[in-house]
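# Results of the structural survey
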Amino acid sequence: MTSVLDKPIKAPAFQGVGLRRRATNLTATVLVTLSVLVALVPLVWVLWTVVVKGIGAITTQTWFTHSLSGLSGSAEGGGIYHALIGTLMQGLVCAALSVPLGLFVAVYLVEYAGNSRLGKLTTFMVDILSGVPSIVAALFIYALWIATFGFPKSAFAVSLALVLLMVPVVVRSTEEMLRIVPNDLREASYALGVPKWKTIARIVVPTALPGIITGVMLALARVLGETAPLLILVGYAPFINFNLFGGEMGTLPGVMVAEMNNPTDAGSNRIWGAALTLILLIAVLNIVAKTIGHFASVRNK
């Protein structure tokens, strides 16, 4: 005879997974996996095509050490040195202007804005700026910087247009990184009598620094390939120009546009070589960002 004490007080909470739930889980897993594979197909295809068609150009001895100055459209040889330098110069100027501005805006939205009208207006304007096409940003800079103020077309004007495209990305990525910092760190700092601005500068921002750096590099990688500002705000030059405030300047997207009407094999090689160089440049920037973010996170620990 079974006593009352031998019987369970209540049925176990976990009754096992039913056949329907397992079938649903398997279906969802298969669909998600197939979606990832479908998304990877065009990405791998494009990357493979660029590598196959551009590897011959970038492996030449003069590709990274010479420019295209003095070469005709059908002449083989030359390099991408002038365009690589121009792209880096415009990108660095853009980053120098965008990163502090985007960081300060993100800190304001997360730490100070709250539900204020200015905070809501700032968020709304950042959302609008995130969807602005590159050609609209270029036309705005042309109307303001060149047509109104009378400055000449230059690489600096291109950097200003790129700032309009980079700032919202930096703001959004930095804002998300700051929001995931635990409030316990802020409260512990306040309890020790540390002012709010010093808490943000010494605790909040360093904690979120790895993610902020990654977001900045991704934003920079996005703007480096923009073509519309180059076509409107500065012309293409096949030679070196270190002057940001005057004269035409070569860039990697500019090489591709300039050689687009070149029907010879030399023009095709330069187009694919410039495209592969741009991909490699963006890859290097992302590797640098990951490395810096890793060491920053290790240091914070």
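The preceding data block contains the structure.
Notes on the structure follow. Because the structure is a prediction, the values reported are computed rather than measured.

Our focus in this paragraph is the overall build of the protein. Counting secondary structure elements, the protein contains ten helices and zero strands. Radius of gyration (C-alpha) of the protein: 26 Å, far over the 19 Å computed for a compact globule of 301 residues. Considering only contacts within the protein whose residues lie at least 6 apart along the sequence, 72% involve residues at least 24 apart. Surface summary for the protein: the accessible area is close to 17700 Å², and the carbon and sulfur share equals 70%. Measuring between centres, the 20 positive side-chain charges of the protein sit 11 Å from its 12 negative side-chain charges.

This brings us to the packing of helix 2 (residues 81-113) against helix 7 (residues 196-224). Running from amino to carboxyl end, helix 2 crosses helix 7 at an angle of 140°, the nearest separation of the two axes being 9 Å. Between helix 2 and helix 7, the crossing angle belongs to the class labelled oblique. Once helix 2 is placed against helix 7, the crossing between them reads as right-handed. Residue-level contacts link Thr87, Gly91, Cys94, Ala95, Val99, Leu103, Val107, Glu111 and Tyr112 of helix 2 to Lys196, Trp197, Ile200, Val204, Ile212, Val216, Leu220, Val223 and Leu224 of helix 7.

Turning to the pattern of salt bridges, a few remarks are in order. Following the criterion strictly, the structure yields five salt bridges and no others. A salt bridge links Asp127 to Arg172; the shortest N-O distance between them is 2.6 Å. Of this pair, Asp127 sits in helix 3 (residues 117-130) while Arg172 sits in helix 5 (residues 155-179), and the two are 45 residues apart along the sequence. Judged by relative accessible area, which is 43%, Asp127 ranks as partly exposed.

For helix 4 (residues 134-148), built from 15 residues, the straight-helix expectation of 21 Å at 1.5 Å per residue is met to within 8% by its first-to-last C-alpha distance of 20 Å. A bend of about 30° at Tyr142 is the largest found in helix 4. Turning to helix 4, its buried residues are Ser134, Ala137, Ala138, Ile141, Trp145 and Ile146. Looking at the buried positions of helix 4, the neighbouring elements they touch are helix 5 and helix 8 (228-233).

Turning next to the layout of surface pockets. For the largest pocket, the calculated volume is near 150 Å³. If you list the elements that add at least two residues to the lining of the largest pocket, you get helix 2, helix 3 and helix 5. Here the lining of the largest pocket gets four residues from one element, more than from any other, and that element is helix 3.

The next point concerns the nonpolar core. Soluble globular proteins: nonpolar side chains tend toward being buried together. Met166, Leu178 and Leu233 are the most contacted members of the largest nonpolar core, which totals 66 residues. The greatest single-element share of this core, amounting to 14 residues, is contributed by helix 5. The residues touching Leu233, leaving out its near neighbours within four places in the chain, are Ala138, Ile141, Tyr142, Ile146, Lys153, Ser154, Ala157, Val158 and Ala161.

Relative to the helices and strands, Leu218 resides in helix 7. You can call Leu218 partly exposed: its relative accessible area is 46%. In sequence terms Leu218 and Ser173 are 45 residues apart; their C-alpha atoms lie 9.4 Å from each other.

Moving on to empty space enclosed by the protein. Applying the stated criterion across every chain yields a total of one cavity of 30 Å³ or more. Forming the boundary of the largest cavity are Thr87, Gln90, Val158, Leu162, Val223, Leu224, Glu226, Leu230, Thr251 and Pro253. Elements supplying a minimum of two residues to the lining of the largest cavity: helix 2, helix 5 and helix 7. Its residues assigned to classes, the lining of the largest cavity comprises six nonpolar, three polar and one charged.

The rules behind each value
Residues numbered from 1 in each chain as written. Predicted model: local features only at pLDDT ≥ 70, side-chain atom pairs only at ≥ 80, totals over all residues. Heavy atoms only, no water. Helix = DSSP H or I, 4+ residues; strand = E, 2+ residues; numbered from the N terminus. Rg over C-alpha atoms; globule rule 2.2 N^0.38 Å. Contact = heavy atoms within 4.5 Å. Areas by Shrake-Rupley, 256 points an atom, 1.4 Å probe, with all protein chains shown as cover. Lys, Arg positive; Asp, Glu negative; His and termini not counted. Charge placed at Lys NZ, Arg CZ, Asp CG, Glu CD. Axes fitted to C-alpha atoms, helices over the stretch in contact; angles between N-to-C directions. Parallel < 35°, antiparallel > 145°, perpendicular 65-115°, else oblique. Left-handed = near helix turned anticlockwise from the far one by under 90°. Salt bridge = Lys/Arg side-chain N within 4 Å of Asp/Glu carboxyl O. Buried < 20%, exposed > 50% of the residue type's maximum accessible area, 1.4 Å probe, protein only. Expected span 1.5 Å × (residues − 1). Bend = angle between axes of the 7 residues up to and from the residue. 1 Å grid on protein atoms, 1.4 Å probe; cavity = no way out; pocket = protein on both sides within 12 Å on 5 of 7 lines; lining within 4 Å. Points joined across faces, edges and corners; volume = space filled by probe spheres on them. Core = buried A, V, L, I, M, F, W, Y, C linked by side-chain atoms within 4.5 Å. Nonpolar A, V, L, I, M, F, W, Y, C, P; charged D, E, K, R; others polar.

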